[in-house]
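Take a look at the letters that make up each chain.
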Amino acid sequence: MAVTSKGFPLLLTFDLDFETMWTARDPAYAQRPILMSQGAYGWKVGMPRILRLLEKYEVCCTFFVPGLVAEQHPELMREIVDRGHEVAHHSYSHKWIVNLSPEEEREEMEKGLEALTRTTGYRPRGWRSPAAEFSAITLDLLQEYGFDYSSNFFDDDSPYLLNIRGKQTNIVELPFRWVLDDAPFFQYSIVLPGRTMQAPSALLEAWTSEFDTLYEEQRMMMVGMHPQIIGQPSRLKVLENLLIYAREHDNVWIGRCDEITDDMRLILKAQTDAAA
Ligand SMILES: [Zn+2]
């Protein structure tokens, strides 16, 4: 019994933080050109390389984009959409949710929606938090702004419908975990002391091992990546090898978050109705 109607879902997602990965930590970092250049690698080199790889294997994916990044790179947004990928909401400036007032969080939501809708031609259907955290009002905002899915929580290996204030909603949660993220393996900078890089083979071992169990249990594999990190040569090979490995298995569905959301909604709704 497959988890979706098209098989085991493998979701390759990319968070296009670029320079905001640093400016969100401290706006003063904008004055440090070498630090900023580590983010710029993502749009200059990482993205073209990633898009070529996805084209080679004929897969479509979801890109979570801060509105500010979309405004800085409208041509990149058009290219992503033209190639059949999905763009989803990843805040406006990547400011960390826990440091924002409710008014500021709402502003990040609205400015991001406006920028993404303007640069892609459609309203984003999914939302992923910058820096992996929610405030007390984030869930309410997801509902108020009509999102169809969220990809944020770490509490499951299967999609589920979000509960908000005790009520089940129609918002599909597509959970992930740090081991399925490239940053804990490779994020390295002189402003983040104590971090070391790991060998690409460590990531491949972790991801193929995750794949084995998730596939065996017929759950879901949600991979989160950053073009400035995974787009570097030795690491992109890991992603390519994961793609090759996954495609050696029967009934693996590599798709966009919105496609899998639509599919899961029907299945989860039927399960809920049956249980009622
Ligand atoms: Zn991010």
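Below, the structure is looked at part by part. (Residues numbered from 1 in each chain as written. Predicted model: local features only at pLDDT ≥ 70, side-chain atom pairs only at ≥ 80, totals over all residues. Heavy atoms only, no water.)

Remarks on the environment of Leu68
- With respect to the helices and strands, Leu68 occurs in helix α3 (residues 67-72).
- Judged by its relative accessible area of 24%, Leu68 is partly exposed.
- Put simply, Leu68 and Ala115 are 47 residues apart on the chain and 7.2 Å apart in space, counted from C-alpha to C-alpha.
- With residues up to four places along the chain from it excluded, the contact list for Leu68 reads Thr20, Tyr92 and Ser93. (Helix = DSSP H or I, 4+ residues; strand = E, 2+ residues; numbered from the N terminus. Buried < 20%, exposed > 50% of the residue type's maximum accessible area, 1.4 Å probe, protein only. Contact = heavy atoms within 4.5 Å.)

With respect to the nonpolar core
- One finds Leu12, Phe14, Leu16, Phe63, Val65, Trp207 and Met221 to be the most contacted residues of the largest nonpolar core, which totals 51 residues.
- At 7 residues, helix α2 (residues 33-56) tops the list of elements feeding residues into this core.
- Leaving out residues up to four positions away in the same chain, Met221 has contacts with Phe8, Pro9, Leu10, Leu11, Leu180, Trp207, Glu210, Phe211, Leu214 and Leu242.
- If you look at the next biggest cluster of nonpolar residues, it comprises 16 residues, including Phe64, Ala88, Met220 and Trp253. (Core = buried A, V, L, I, M, F, W, Y, C linked by side-chain atoms within 4.5 Å.)

Notes on the coordination of the zinc ion
- Coordination of the zinc ion by the protein is provided by Asp17 (OD), Asp17 (OD), His90 (NE2) and His94 (NE2), with metal-donor distances spanning 2.1 to 2.4 Å.
- Of note is the zinc ion, whose 4 donor atoms meet at the metal with angles of 54 to 139 degrees in an arrangement that counts as irregular.
- In primary-sequence terms, the residues that donate to the zinc ion follow D-x72-H-x3-H.
- His90 sits in the buried class, given a relative accessible area of 1%. (Donors = N, O, S within 2.8 Å, 3.2 Å for Na, K, Ca; no water. Tetrahedral: all angles 85-135°; square planar, octahedral: opposite > 155°, others 65-115°.)

Structural notes on the side chain of Gln228
- By secondary structure assignment, the location of Gln228 is in helix α9 (residues 227-230).
- From its side chain, Gln228 meets the backbone oxygen of Phe18 in a polar contact 3.3 Å long. (Polar contact = N/O pair within 3.5 Å; in protein donor to acceptor, adjacent residues only side chain to side chain.)

Details of the layout of surface pockets
- Taken as a whole, the largest pocket holds about 390 Å³ of empty space.
- Along the walls of the largest pocket sit 24 residues, with Arg25, Ala131, Ala132, Trp178 and His226 positioned nearest its centre.
- Split by residue class, the lining of the largest pocket holds 10 nonpolar, 7 polar and 7 charged. (1 Å grid on protein atoms, 1.4 Å probe; cavity = no way out; pocket = protein on both sides within 12 Å on 5 of 7 lines; lining within 4 Å. Points joined across faces, edges and corners; volume = space filled by probe spheres on them. Nonpolar A, V, L, I, M, F, W, Y, C, P; charged D, E, K, R; others polar.)

Topic: helix α5 (residues 102-120)
- With 19 residues, α5 should cover 27 Å at 1.5 Å per step; its first-to-last C-alpha distance of 27 Å lies within 8% of that length.
- On its buried face, α5 is in contact with β2 (62-65), α3, α4 (74-82), β3 (86-89), β4 (126-127) and α6 (138-144).
- Positive phi shows up at Gly121, right after α5, with a value of about 90 degrees. (Expected span 1.5 Å × (residues − 1).)

Points about the pattern of salt bridges
- Enumeration over the complete set of coordinates arrives at 18 salt bridges.
- Of the charged contacts, one joins Glu55 and Arg83 as a salt bridge, the two residues approaching to 3.0 Å between their closest N and O atoms. Linking Glu55 in helix α2 with Arg83 in the loop between α4 and β3, this pair joins segments that are 28 residues apart in sequence.
- For Arg83, a relative accessible area of 31% translates into the label partly exposed.
- Asp157 is the salt-bridge partner of Arg177, the closest N and O atoms lying 2.8 Å from each other. Here Arg177, found in the loop between β7 (167-173) and α7 (183-186), pairs with Asp157, found in the loop between β5 (149-150) and β6 (160-164); they are 20 residues apart in sequence, far enough to count as distant.
- Judged by relative accessible area, which is 22%, Asp157 ranks as partly exposed.
- One network of salt bridges, in which partners are shared, links Arg125, Asp148, Asp262 and Arg265. (Salt bridge = Lys/Arg side-chain N within 4 Å of Asp/Glu carboxyl O.)

With respect to the packing of aromatic side chains
- On inspection of all chains with the given rule, the structure shows 12 aromatic pairs.
- Consider the rings of Phe8 and Phe211, whose centres lie 5.5 Å apart with planes at 85 degrees: the pair is edge-to-face. With Phe8 in strand β1 (residues 8-15) and Phe211 in helix α8 (residues 200-216), this pair connects stretches of sequence that are 203 residues apart.
- Ring centres 5.5 Å apart and planes at 80 degrees place the aromatic pair Phe8 and Tyr215 in the edge-to-face group. One end of the pair, Phe8, is in strand β1; the other, Tyr215, is in helix α8, with 207 residues separating them in the sequence.
- One aromatic cluster is present, built from ring pairs that chain together Phe8, Phe211, Tyr215 and Tyr245. (Phe/Tyr/Trp six-rings, centres within 6.5 Å; stacked < 30°, edge-to-face > 60°.)

The values reported here are purely geometric and, on their own, carry no functional implication.
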